[in-house]
Amino acid sequence: METQDTGEADRGPGHEHRSRDQRDYVLRTVEERGVRLVRLWFTDVLGRHKSVAISPAELETVLDEGLQFDGSAIDGFSRVQESDVLARPDPSTFELLPWADPAEPSGTIFCNITNLDGTSFEGDPRQVLRRNVDRARQVGFEMFCAPEVEFFYFADAGPQPTPLDRASYFDLTTTDVASDLRKQTLHMLEALSIPVEYSFHEDGPSQHEIDLQYTDALTMADSVMTLRLAVKKIAMDRGVYATFMPKPLNGVQGSGMHTHLSLFRDGKNAFHDPDATDGLSTTARSFIAGLLRHAREITAVTNQLVNSYKRINEGYEAPRYVSWARNNRSALVRVPIPKLGKIESTRVEYRALDPACNPYLAFSVLLAAGLRGIEEELVLPAEAAVNLYDLSREEQRDLGVANLPHNLNEALDEMEASELVRHALGDHIFEWFLRNKRAEWNEYQRQVTTFELETYLPNW
Amino acid sequence: MEPLLVFPNPPPPELAQCLDLDGWSWKAVSDAEAAMAEEPDGGWAGAVVVADTDTEGAFALCRRLRKVEVPLQPLLLLVGGSQLDSLDLRDDLFDDFCLSPLRPTELQARIKHLFSRSGREVRPELVGYGPLALNLETYQAVIDGEPLDLTYMEYELLKFLAAHPGKVFTRETLLSRVWGYDYYGGARTVDVHIRRLRAKLGEEHASLIHTVRSVGYRFGQSRWGG
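The rules behind the values
- Residues numbered from 1 in each chain as written.
- Chains lettered and ligands numbered in written order.
- Predicted model: local features only at pLDDT ≥ 70, side-chain atom pairs only at ≥ 80, totals over all residues.
- Helix = DSSP H or I, 4+ residues; strand = E, 2+ residues; numbered from the N terminus.
- Buried ≥ 20, exposed ≤ 12 C-beta atoms within 10 Å, placed from the backbone.
- Contact = placed C-beta atoms within 7 Å.
- Domains from an automatic or database assignment.
- Nonpolar A, V, L, I, M, F, W, Y, C, P; charged D, E, K, R; others polar.
- Pairing = 2+ DSSP bridges.
- Axes fitted to C-alpha atoms, helices over the stretch in contact; angles between N-to-C directions.
- Core = buried A, V, L, I, M, F, W, Y, C linked by C-beta atoms within 7 Å.

### A few points about the overall build of chain A
A tally of helices and strands in chain A yields 13 helices and 17 strands. Per-residue burial for chain A yields a buried fraction of 48% across its 460 residues. The long-range fraction of contacts in chain A, counting pairs at least 24 apart against all pairs at least 6 apart in sequence, stands at 71%.

Okay, structure coming up:
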């Protein structure tokens, strides 16, 4: 448990001045641009977006002192003792909301959550990631992330999802409502300082993918939160529904969030080694080995819904087996071959994540698992050369390839036994998460499903 | 406004960052000869002389700047706490002093005060280049008259680049001059922010920021017209 860090850690002589200047920047911008409302953003343990709006008149005090609120109102924030906490805005994240009414501009700002005495609050996922990023920095590494976020557009949020179109991969038609939605979303994301690398139509009906340009892990987790909000908001304005549910349709591939990871040391890509025959450094190999060793333990965090496992079990682009490969899309960790002369883009792609995860916690456990691999100098097992989807159970056993957990319950068992995940998340979130997710599983176990009714009712 | 003279060359990074953050243009010199040779047409706006490492060199420079017909002022001296006795009998060589290690807020307050006493303009208000204008007082940037919605670091980076048009900066330089100590992500962070800035400048103006291959970035036209 961290007690000293208040999110205002002194990073050198310029720091005091810098934070005052950032605060002034926010206050002056609010004044100059006539901002009417400032939204304080933060995230609960499950990764759901929380927002509190304040007026510009309150902003100065809130920037200096934080906004006090009852933490027990937020999932995962409640504690036995006193429940009041402070939302402390991080002024470096201040943005004007591009979709606000131009006549009434709104600003947004991400917050760190602290206790009333200023110590960091252990239930705040953003602080969990900060702590893990700081641990990496202590051993000289900065982690960069670039997720590929998939989602579906449906006609509404009702229980019978209706795709908007049946266009296939790279298919573009002028009447495609979804492509128009996507264009507008990209425009909004760029305005929110979230650069997009590619955006194209995915395989599934009405399924889309947005690939974000790499940035540091904390900024990226903020960006994923903003992206989910922006995609949903823009869809809603057009009368359709966007969902990041991992597997909304039977027989159609689910939505993943394949995430590219790289470590930099002193501004250089630490995954690249010009002397290695395959260009991959020992650091990279141990990092991957760490991801593989702890893959089963971290899956409850990277894939936190009952529904997440429907995506993993079905295959398609989702990995089922704990393995790595260079150009084998059935592997859990893929190492894309960097383009010629682009050694700085050497990276590994972790393919289990889905877009319903809490990005702060998911990036935290990925970083922790990889770092542990480096720390213990783990040796990378052999690459999976075959298409793992074609393996029989016997072949799989012979190759020594483990499965990812088959369901949330199995994933929670693995997590509960994991010292690594407990250390990465901190006791508070670790225990709350397990309790909450066990309850979700038990609730699910009691449900009579459509499958059962359709299969059993006519026959028994 | 003409630049401030700063000694030594290079100055301590925290001083450079502090002056940059406050929007001062400045130029470092290594001795009195360089101070004469590089004096801008309108004369130096003032001087900040760091005396805690090369004390003799610092006072030699002060003497040359002050023992002339038109003494340079204001002149702010930075000294270490244990060196205060070196100020004895040298009161005419400086207008005020500040203890090092410096506290940025104190340094800025002192510079501001010195300039207000000497009746000179306190700090530059506007940075402009072509269609771009930044108002340093209100922290607002406009392009073609349209406001740009920037985060704080995007604004700081754009301000720094626009204040030094035509000059090529490495990622490391930008990191130390614009970010200082307070950032996540290392030198790659610079690329990320450049990419974000270009997107916000819009297609038409994205090329204001040039990538100089295997070196870094340049804002606006090169000094050689390239």
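### A word on the domain arrangement of chain B
Residues and elements named next belong to chain B. Here the domain parsing of chain B yields domain 1 (4–117) and domain 2 (126–219). The C-alpha centroid of domain 2 is placed 28 Å from the C-alpha centroid of domain 1. Taken together, the contacts link 6 residues of domain 1 with 6 residues of domain 2.

### Looking at the interface of chain B and chain A
Listed per partner, the contact involves 33 residues of chain B and 34 residues of chain A. Broken down by secondary-structure element, the contributors of at least two residues to the side of chain B that touches chain A are α1 (13–21), α4 (104–117), α5 (152–163), α6 (171–179) and α7 (188–201) of chain B. In terms of residues, the side of chain B that touches chain A owes the most to one element, α7(B), which gives 6 residues. Considering only residue class, the side of chain B that touches chain A consists of 15 nonpolar, 9 polar and 9 charged.

### Looking at the domain arrangement of chain A
A common way to state how big an interface is: give the accessible area lost once the parts meet. For chain A, the assigned domains are domain 1 (19–119) and domain 2 (131–432). Taking only C-alpha atoms into account, the centre of domain 1 of chain A sits 28 Å from that of domain 2 of chain A.

### Quick notes on the sheet that holds strand β8 (residues 140–143) of chain B
Residues and elements named next belong to chain B. Here we have 4 strands laid out as an open sheet, ordered β6-β7-β8-β9, and antiparallel in their pairing. A strand with exactly one partner marks an edge of an open sheet, and here the two such strands are β6 (126–129) and β9 (146–147). Pairing of β8 with β9, which is carried by 2 bridges, proceeds in the antiparallel orientation. Considered in β9, the bridge of isoleucine 143 is made with glutamate 146.

### Let's talk about the sheet that holds strand β12 (residues 216–219) of chain B
All names here are of chain B. Ordered in space as β10-β12-β11, the 3 strands form an open sheet in which the pairing is antiparallel. Here the strands that pair on one side only, and so sit at the sheet edges, are β10 (168–170) and β11 (209–212). Averaged over all pairs of adjacent strands, the angle between their axes in this sheet comes to 30°, without regard to strand direction.

### A closer look at the nonpolar core
Of all hydrophobic cores here, the largest spans 93 residues; its most connected members are A:Ala217, A:Val333, A:Val365 and A:Leu366. If near-sequence neighbours (up to four positions away) are discounted, A:Val365 is found in contact with A:Ile298, A:Val301, A:Thr302, A:Val421 and A:Ala424. Counting residues in hydrophobic clusters, the runner-up holds 48 residues, among them A:Trp41, A:Leu59, B:Tyr155 and B:Val190.

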